[in-house]
Amino acid sequence: MNSDVHLKEFAVVGNPVAHSRSPAIHHHFGQQTGIALHYRIIESPLDAFTSVVRRFFEEGGSGLNVTVPFKQQAWELAHNHLSQRALLAGAVNTLWMKDGELHGCNTDGIGLLADLRRLGNDPAGKRILLVGAGGAARGVIFPLLEAGASRLHIVNRSPRKAVDLAGQMAEQLPDFAHQLSGGGLHEASGNWDIVINATSSSLSGETPPLQGVQYAPEALAYDMVYAATPTPFMQAASAQGARIADGLGMLVAQAAASFAIWNGIQPDIEPVLPELRKQLLAS
Ligand code: NDP
């Protein structure tokens, strides 16, 4: 821990986590808001997540971000005090202590919403195709529905996972059940306002083979993966006339939401984004 008593201590814990951009983002937010903080990276052994979390808070840590592969374990640790978003996401990326109890939230969905709005694509009234049925997809379903999406169709390489996910969410959120559906990548037909790639396909240089997708005028194709150059999914969507964006804004916005939970101040993501984009292009 840092010896300066005036610094608030934060960290991101994961494995692997060495290349996390969170320290740079949070130090930027600290400077912007005048909050003196230190934010470090903790690579936890795979079997020691619980003790790493305990020690961090026993030593006076103020807030912890959690990344792969520990988000579900974090959810279990904080199960008595979860936000509704975390509860429905089944995963936690933000931990903090209050009255001696561990609390958890999932800010991925808030981050995506903030970025979609920044890009001029508020989900309210929009027909949304969500590609993928892993942790990232699960985490954004409730926020998108709560924000007013008129339809949310989930498709996945393993169709059963998408159908099950849509069914589970419909059960947990009966008010939104009629907006939800699920299927395979070959069942992506529709005229969509927003198509979100929540798969990791771009990391292996691929794009999900979606069938029947049409982009409405001004539609946005959003890849949660971020990269120095447009991902294969973004390239394919651009060729179909869609506007495109990658997930760098979501990354910064989910960090801003964590920062706001911990410090009670909402930082501005706009000044951070160009700096990060520059670093990404240089890396
Ligand atoms: P998971 O491992 O939980 O899920 C992976 C998903 O990708 C599954 O739906 C899987 O399908 C699908 N998939 C993997 N490879 C392919 C492929 N070649 N073609 C089609 N589908 C494929 O990962 P997460 O949900 O946690 O994360 C998904 C991505 O989102 C990651 O790349 C991550 O970096 C990114 N992300 C970005 C964030 C940001 O802030 N920008 C925040 C969170 C995540 P199947 O079920 O069939 O295996």
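Residues numbered from 1 in each chain as written. Predicted model: local features only at pLDDT ≥ 70, side-chain atom pairs only at ≥ 80, totals over all residues. Heavy atoms only, no water.

## Observations regarding unusual backbone geometry
Residues apart from glycine generally show negative phi values, whereas peptide bonds are mostly found in trans.
Phase 1 of the analysis: For the bond running from Asn 15 to Pro 16, omega is 5°, close enough to zero to count as cis.
Phase 2 of the analysis: With respect to the secondary-structure elements, Pro 16 resides in the loop between β1 (8–14) and α1 (22–33).
Phase 3 of the analysis: For the bond running from Val 68 to Pro 69, omega is 0°, close enough to zero to count as cis.
Phase 4 of the analysis: By secondary structure assignment, the location of Pro 69 is in the loop between β3 (63–66) and α3 (71–77).
Phase 5 of the analysis: Positive phi, normally seen in glycine, also occurs at Asp 99, with a value near 50°.
Phase 6 of the analysis: As for its position among the elements, Asp 99 is in the loop between β4 (94–98) and β5 (101–105).
Phase 7 of the analysis: In the Ramachandran plot, Glu 218 falls in the positive-phi region, its phi being about 70° despite a non-glycine side chain. (Helix = DSSP H or I, 4+ residues; strand = E, 2+ residues; numbered from the N terminus.)

## Digging into the site of the ligand
Phase 1 of the analysis: Around the ligand, a shell composed of 21 residues is seen, among which Ala 136, Asn 156, Arg 157, Ser 158 and Lys 161 lie nearest.
Phase 2 of the analysis: In the environment of the ligand, an oxygen atom lies 2.5 Å from a nitrogen or oxygen atom belonging to the side chain of Ser 158.
Phase 3 of the analysis: Here Leu 251 contributes a backbone N or O atom positioned 3.4 Å from an oxygen atom of the ligand.
Phase 4 of the analysis: Burial of the ligand by the protein chains amounts to 76% of its free accessible area of 930 Å².
Phase 5 of the analysis: For the shell around the ligand, the secondary-structure elements that each account for two or more residues are α6 (135–146) and α9 (248–263). (Near = heavy atom within 4 Å. Polar contact = N/O pair within 3.5 Å; in protein donor to acceptor, adjacent residues only side chain to side chain. Areas by Shrake-Rupley, 256 points an atom, 1.4 Å probe, with all protein chains shown as cover.)

## Remarks on α9
Phase 1 of the analysis: Here α9 is 16 residues long and its end C-alpha atoms lie 22 Å apart, about the 22 Å a rise of 1.5 Å per residue gives.
Phase 2 of the analysis: The buried fraction of α9 amounts to 15 of the 16 residues, a majority that puts the element mostly inside the structure.
Phase 3 of the analysis: Directly beyond the C-terminal end of α9, a positive phi value near 75° is found at Gly 264. (Expected span 1.5 Å × (residues − 1). Buried < 20%, exposed > 50% of the residue type's maximum accessible area, 1.4 Å probe, protein only.)

## Regarding the pattern of salt bridges
Phase 1 of the analysis: Enumeration according to the criterion identifies 8 salt bridges in this entry.
Phase 2 of the analysis: We note a salt bridge from Arg 160 to Asp 164, for which the minimum N-O separation is 3.2 Å. Note that Arg 160 and Asp 164 are positioned in helix α7 (residues 159–172) at a spacing of 4 residues, about one turn of the helix.
Phase 3 of the analysis: Among the residues examined, Arg 160 registers a relative accessible area of 56% and is labelled exposed. (Salt bridge = Lys/Arg side-chain N within 4 Å of Asp/Glu carboxyl O.)

## Here we look at the domain arrangement of the protein chain
Phase 1 of the analysis: When the domains of the protein chain are assigned, the result is domain 1 (8–106 + 250–282) and domain 2 (109–246).
Phase 2 of the analysis: Computed over C-alpha atoms, the centres of domain 1 and domain 2 are 25 Å apart.
Phase 3 of the analysis: Contact with domain 1, which involves 18 residues of that partner, is made by 22 residues of domain 2.
Phase 4 of the analysis: Roughly 1,700 Å² is buried in total at the junction of domain 1 and domain 2, and carbon and sulfur atoms are behind 66% of that figure.
Phase 5 of the analysis: Summed over the three residues of domain 1 that lose the most area to domain 2, namely Arg 85, Leu 88 and Met 250, the buried surface amounts to 42% of that side.
Phase 6 of the analysis: Scanning the region where domain 1 abuts domain 2 turns up 3 residue pairs in polar contact (both at pLDDT 80 or more).
Phase 7 of the analysis: Secondary-structure elements contributing two or more residues to the side of domain 1 that touches domain 2 are α4 (84–89), α9 and α10 (272–282). (Domains from an automatic or database assignment. Contact = heavy atoms within 4.5 Å. Buried area = accessible area lost by both parts, 1.4 Å probe.)

## Some remarks on the sheet that holds β3
Phase 1 of the analysis: Spatially, β2-β1-β3-β4-β5 is the arrangement adopted by the 5 strands of the open sheet, whose pairing is mixed. A strand with exactly one partner marks an edge of an open sheet, and here the two such strands are β2 (37–43) and β5. Adjacent strand axes in the sheet meet at a mean angle of 25° when their direction is disregarded.
Phase 2 of the analysis: Sheet topology note: the β3/β4 ladder contains 2 bridges and is antiparallel. Across the sheet, residue Asn 65 finds its bridge partner in β4, namely Thr 94.
Phase 3 of the analysis: Contacting β1, β2, β3, β4 and β5, helix α2 (residues 49–58) runs over the sheet at an angle of about 155° to β3.
Phase 4 of the analysis: Along the sheet, α9 makes contact with β1, β2, β3, β4 and β5, crossing β4 at roughly 0°. (Pairing = 2+ DSSP bridges. Axes fitted to C-alpha atoms, helices over the stretch in contact; angles between N-to-C directions.)

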